[in-house]
Amino acid sequence: LLARAGGIVVPGVADALTARLVEEAGFPIVYFTGAGFANTQFAIPDVGLTTMNEVVGQLDRICEAVSVPVLADGDTGYGNAISVRRTVRAFEKAGVAGIQLEDQEFPKRCGHFDGKRVVSTEEMVNKIRAALDARRDADFVVLARTDALTVLGVDQAVERAQMYAAAGADALMIE
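Remember, predicted model here, so these are calculated numbers, not experimental data. Every residue gets a number counted from 1 within its own chain, in the order that chain's sequence is written. In keeping with the model being predicted, local features are shown solely for residues with a pLDDT of at least 70 and side-chain atom pairs are shown and tallied solely at 80 or more, while totals for entire chains, interfaces and linings include all residues. Computation of side-chain values covers all heavy atoms of the structure but excludes hydrogens and water.

### Description of the pairing of strand E5 (residues 141–146)
And then number 1: In terms of burial, E5 is largely enclosed, as 6 of its 6 residues are buried.
And then number 2: Accessibility here uses a 1.4 Å probe with only protein chains present; expressed as a share of the type maximum, an area under 20% marks a residue as buried, one over 50% as exposed, and anything in between as partly exposed. A run of DSSP states H or I qualifies as a helix once it reaches four residues; a run of E qualifies as a strand once it reaches two. Both are numbered from the N-terminal end. Every second residue of E5 is oriented toward a common face, with Val-141, Leu-143 and Arg-145 on one face and Val-142, Ala-144 and Thr-146 on the other, all of them buried.
And then number 3: Sheet topology places strand E4 (residues 98–102) next to E5; 5 bridges connect them, and they run parallel. Looking at E5, one finds that Leu-101 is bridged to Ala-144.
And then number 4: By this definition, two strands are paired if DSSP reports at least two bridges between them. Pairing of E5 with strand E6 (residues 171–174), which is carried by 4 bridges, proceeds in the parallel orientation. Among the inter-strand pairings, Arg-145 is bridged to a residue of E6, identified as Met-173.

Structure follows, in structure tokens:
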């Protein structure tokens, strides 16, 4: 899908039923939304309160329900680079096709909220490298997201995205 010319609409899902409906509607991929999961399953804001194990359990159910790839919100990787390794392995085991990792400090805030803080570029580069090293399937996608736009401005956000690409991220997102 990444090699296709043009854009791809990737609908966000928080549960297996919604993922199945998105697949049946003809979309070639679904995106597991951490905010949607926190909001719909726990009635809490997306501020880093859901655990990796809770997310992996939901991802397992979603991946079982669909045959299209699932790109999953991995938040900050649930810690440092060592935690990112564990997260990538758990997401792969659940059947996920790729993970989105963001460069926020923990506890994170939904990308649409004010008051975000980002980690150093070096720390995020280390997380990306850990994710790439941890994946067992070479096709498992590591999407690096920067939340620096509203925190540090457009120039810093673009610079960070370029550094994340240089570190080997398969895809980039400037929130």
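Moving on from the model shown.
### Considering the environment of Gln-100
And then number 1: Locating Gln-100 in the fold gives a position in strand E4.
And then number 2: Classification of Gln-100 as buried rests on a relative accessible area of 2%.
And then number 3: Sequence-wise, Gln-100 and Val-142 are 42 residues apart; in three dimensions their C-alpha atoms are separated by 6.2 Å.
And then number 4: Here, two residues are considered to be in contact whenever any of their heavy atoms come within 4.5 Å of each other. Residues contacting Gln-100, with those up to four places away along its chain left out, are Tyr-31, Leu-71, Ala-72, Asp-73, Gly-74, Asp-75, Leu-143, Arg-145 and Met-173.
And then number 5: Within the local environment of Gln-100, its side chain forms a polar contact with the side chain of Tyr-31, the two groups lying 3.0 Å apart. Two N or O atoms form a polar contact when they lie within 3.5 Å of each other; inside protein one atom must be a possible hydrogen donor and the other a possible acceptor, and for residues adjacent in sequence the pair counts only when both atoms belong to side chains.

### Overview of the side chain of Asp-73
And then number 1: Of note, Asp-73 is situated in strand E3 (residues 70–73).
And then number 2: Using a relative accessible area of 4% as the deciding quantity, one classes Asp-73 as buried.
And then number 3: One polar contact links the side chain of Asp-73 to the main-chain amide nitrogen of Gly-34, over a distance of 3.2 Å.
And then number 4: Among the polar contacts made by the side chain of Asp-73, one reaches the main-chain amide nitrogen of Asp-75 at a distance of 2.8 Å.
And then number 5: Aside from chain neighbours lying at most four places away, what touches Asp-73 is Tyr-31, Phe-32, Thr-33, Gly-34, Ala-35, Tyr-78, Phe-91, Gln-100 and Glu-102.

### So, the pattern of salt bridges
And then number 1: Salt bridges are defined as contacts in which a side-chain nitrogen from Lys or Arg sits within 4 Å of a carboxyl oxygen from Asp or Glu. Considering all chains together, one arrives at 6 salt bridges under this definition.
And then number 2: In this structure, Glu-102 and Arg-145 form a salt bridge, with 3.4 Å as the shortest nitrogen-oxygen distance. You can see Glu-102 sitting in strand E4 and its partner Arg-145 sitting in strand E5, a full 43 residues away along the chain.
And then number 3: Classification of Glu-102 as buried rests on a relative accessible area of 0%.
And then number 4: When the shortest N-O distance is used, the salt bridge between Arg-160 and Asp-103 registers 3.1 Å. In this pair, Arg-160 sits in helix H7 (residues 154–166) while Asp-103 sits in the loop between E4 and helix H5 (121–134), placing the two residues 57 residues apart along the sequence.

### Concerning the environment of Thr-33
And then number 1: Secondary-structure assignment places Thr-33 in the loop between strand E2 (30–32) and helix H2 (34–42).
And then number 2: Thr-33 sits in the buried class, given a relative accessible area of 19%.
And then number 3: Look past the residues within four positions of Thr-33 in its chain and what remains in contact with it is Gly-12, Val-13, Ala-14 and Asp-73.

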